[in-house]
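Chain residues, written in single-letter form:
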Amino acid sequence: QVQLVESGGGLVQPGGSLRLSCAASEGSFSTYTVGWFRQSPGKEREFVAATRWSGSYPLYADSVKGRFSIVIDKAKNAVFLQMNSLKTEDTAVYYCAVTRTVRSSWSEVGRYYYWGQGTQVTVSS
């Protein structure tokens, strides 16, 4: 079992940056793929990005490609989501989660086993 804890959310102006953190308070990421999802009020949870613990072949949603990146820190047993050039439509609660599914299914919410509690990101002027 893996217990995930997100942090780093907050209020930022459009065009700004934030870095979200996902740490494993229990267990390890080493055998999992780590994914980031987000959910806005009234909307379904949507895929943002995912990567294997090795960092190879990351996958990004088209809406964040070129602006967001996943950074792995093995020493800290943590995964970061670096978010740049933020837009108002990026406002959401962001969640990290883990899976062992194949890469073609990384964007599917139902494929993930364990989830963090979420962290709020608000992009507003």
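Residues numbered from 1 in each chain as written. Predicted model: local features only at pLDDT ≥ 70, side-chain atom pairs only at ≥ 80, totals over all residues. Heavy atoms only, no water.

A.B. asks: I keep staring at the environment of Phe68 and nothing clicks. Help me out?
C.D. replies: Topologically, Phe68 is positioned in strand 7 (residues 68–73). In the structure, Phe68 is positioned 18 residues away from Leu86 in sequence and 8.9 Å away in space, judged by C-alpha atoms. Those residues within four positions of Phe68 in sequence are excluded, and the remaining contacts are Arg38, Val48, Tyr60, Leu81, Gln82, Met83, Asn84, Leu86, Asp90 and Tyr94. (Helix = DSSP H or I, 4+ residues; strand = E, 2+ residues; numbered from the N terminus. Contact = heavy atoms within 4.5 Å.)

A.B. asks: How should the pairing of strand 8 (residues 78–83) be read in this particular structure?
C.D. replies: Side-chain positions along a regular strand alternate between the two faces of the sheet. Counting buried positions along strand 8 yields five of six residues, so the element is predominantly enclosed. Of the strand pairs in this sheet, strand 3 (residues 18–26) and strand 8 are connected by six bridges, and their pairing is antiparallel. Within strand 8, the residue paired with Arg19 across the bridge is Gln82. Here strand 7 pairs with strand 8 via six bridges, running antiparallel. Along strand 8, the bridge assignment pairs Val71 with Phe80. Hairpin connection of strand 7 to strand 8: four residues between the antiparallel strands, including Asn77 at a positive phi of 50 degrees. (Buried < 20%, exposed > 50% of the residue type's maximum accessible area, 1.4 Å probe, protein only. Pairing = 2+ DSSP bridges.)

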